[in-house]
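Coordinate inspection notes
Each chain, written out:
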Amino acid sequence: ASDTMILAKLCTSMSKPFGVKVIPKPHIREFLEPIPIDKFPGIGRRMEKKLKAMMIKTLGDVLRNESLMMKHFNRPGKDIYWMVSGAADIKPTIYYQKRKSIAIGRSMDSLMCRNELRRRIVVLARNLSYSIYQLGLNPTGYYFGIGYDVGAYQKVSFTQKRIFSEKLLRELALETIEELDVFKQYGIKFITLRCFNFSTHKTVFNLLTFSQDKESNHLYRAVSYIRERHGIDYLKSGVELMDYLEN
């Protein structure tokens, strides 16, 4: 780990074969002192030649010549000095990025049978809800979309401040996509389900459905735990076992 991605990469490359190296912050300059400039990930061949022409051959030389790096090499020199010194990075090191959404989708041959469409929505809802369980999330935003074989696309997103469960996702997906499906004379080519706006401890849930949603969430967690132990296909909804395309 390092304050910058460049220094972290350099330390890793200098600590083969295991790729782990710990350098206390006060000793970073000492560590960089003897390293040749061609070992630094942020210095290309052209810049390497220019630096060596100015007798700057190690990263220690770079750090000792701040004024030269800033004035003679203009912006590239400033970037290199800042990267070597750990003051800046071309791309900041991201230790943790908060998840914004989670989605699932399916493309298919043109599908005319709406019963089969509903079955596939239930399958997608089961898989997406299981992923949400594993991540420990409670979405309050929902997005549903369908695409037709003629190129038309229908989509909608909305907020439901309710306790999440597979039952809730399944019902919302089925009801919403039924409303979106206004071109029943055309086949469906793909389906998309996406959840976002994950709740925090400050989220206020819908009190009118709170008791019902809490019971559904309890069942959802119990079922997800069984799937975690035996596989996601261990428990399925009855509609998933139907074959509407059977001749």
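Residues numbered from 1 in each chain as written. Predicted model: local features only at pLDDT ≥ 70, side-chain atom pairs only at ≥ 80, totals over all residues. Heavy atoms only, no water.

1. Notes on the sheet that holds strand β4 (residues 188–198)
Read across the sheet, four strands follow the order β1-β4-β2-β3 without closing on themselves; strand pairing throughout is antiparallel. Strand pairing shows two members of the sheet lacking a second neighbour, β1 (101–111) and β3 (153–159), which therefore form its edges. Each strand axis lies, on average, 10° off the axis of its neighbour in the sheet, ignoring direction. The pairing of strand β2 (residues 139–148) with β4 spans nine bridges and is classified as antiparallel. Looking at β4, one finds that Tyr148 is bridged to Ile188. Sitting on the sheet, helix α7 (residues 114–135) is in contact with β1, β2 and β4, with an inclination near 160° to β1. Across the sheet, helix α8 (residues 166–180) lies against β2, β3 and β4, angled at about 40° from β2, the strand it touches most. (Pairing = 2+ DSSP bridges. Helix = DSSP H or I, 4+ residues; strand = E, 2+ residues; numbered from the N terminus. Axes fitted to C-alpha atoms, helices over the stretch in contact; angles between N-to-C directions. Contact = heavy atoms within 4.5 Å.)

2. Focus on the side chain of Arg162
Its place among the elements puts Arg162 in the loop between β3 and α8. A polar side-chain atom of Arg162 sits 2.7 Å from a polar atom in the side chain of Asp213. Leaving out residues up to four positions away in the same chain, Arg162 has contacts with Asn138, Pro139, Leu168, Phe205, Asn206, Thr209, Gln212 and Asp213. (Polar contact = N/O pair within 3.5 Å; in protein donor to acceptor, adjacent residues only side chain to side chain.)

3. Quick look at the packing of aromatic side chains
For the structure on display, the rule yields nine aromatic pairs. Ring geometry for Tyr148 versus Phe183: centroids 5.4 Å apart, planes at 80°, classification edge-to-face. With Tyr148 in strand β2 and Phe183 in the loop between α8 and β4, this pair connects stretches of sequence that are 35 residues apart. When its relative accessible area of 4% is taken as the criterion, Tyr148 is described as buried. (Phe/Tyr/Trp six-rings, centres within 6.5 Å; stacked < 30°, edge-to-face > 60°. Buried < 20%, exposed > 50% of the residue type's maximum accessible area, 1.4 Å probe, protein only.)

4. Structural notes on the pattern of salt bridges
A complete count under the given rule lists 15 salt bridges for this structure. Between Lys52 and Glu48 there is a salt bridge; the shortest N-O distance is 2.8 Å. Of the two residues, Lys52 and Glu48 are both situated in helix α3 (residues 45–53); the distance of four residues between them amounts to about one turn of the helix. In this structure Lys52 comes out as partly exposed when scored by relative accessible area, which is 37%. Between Arg227 and Glu166 there is a salt bridge, with its nearest N and O atoms 2.8 Å apart. Taken as a pair, Arg227 in helix α9 (residues 210–230) and Glu166 in helix α8 lie far apart in primary sequence, 61 residues in all. Glu166 matches Arg227 in its accessibility class, with the two residues each being buried. Several salt bridges converge on common partners, so that one network encompasses Arg114, Arg118, Glu178, Asp181 and Lys184. (Salt bridge = Lys/Arg side-chain N within 4 Å of Asp/Glu carboxyl O.)

5. Some words on α3
Regarding α3, the residues found buried are Met47, Glu48 and Leu51. For α3, the arc enclosing every buried residue in end-on projection is 105°, short of the 170-degree limit, so these residues lie on one face. For α3, exposure combined with an orientation more than 90 degrees from the buried face picks out Arg45, Arg46, Lys49 and Ala53. Among the structural elements, α5 (66–72) and α6 (74–85) are those in contact with the buried residues of α3. Positive phi appears at Met55, one or two residues downstream of α3, with a value of about 65°. (Arc of directions from axis to C-beta.)

6. Quick word on the packing of α7 against α8
Between α7 and α8, whose axes approach to 9 Å, the crossing angle comes to 145°. In the packing of α7 onto α8, the handedness of the crossing is right-handed. Across from Leu117, Arg118, Ile121, Val122, Ala125, Arg126, Leu128 and Ser129 in α7, the residues of α8 making contact are Glu166, Leu169, Arg170, Ala173, Leu174, Ile177 and Glu178. Of the residues in the contact of α7 with α8, the class split is nine nonpolar, one polar and five charged. (Left-handed = near helix turned anticlockwise from the far one by under 90°. Nonpolar A, V, L, I, M, F, W, Y, C, P; charged D, E, K, R; others polar.)

7. What to know about the side chain of Thr209
Following the sequence through the fold, Thr209 ends up in the loop between β4 and α9. A polar contact is formed between the side chain of Thr209 and the side chain of Arg162, at a distance of 3.3 Å.

8. A word on α9
Counted at 1.5 Å a residue, the expected span for α9 with its 21 residues is 30 Å, and the 30 Å between its end C-alpha atoms agrees. Taken together, the buried positions of α9 are occupied by Asp213, Ser216, Asn217, Tyr220, Val223, Ser224 and Arg227. In an axial view of α9, the angular spread of the buried residues amounts to 135°, which keeps them on one side of the axis. In α9, the exposed positions that point more than 90 degrees away from the buried face belong to Ser211, Lys214, Glu215, His218, Leu219 and Arg229. Residues of α9 that are buried in the fold lie against α7 and α8. (Expected span 1.5 Å × (residues − 1).)

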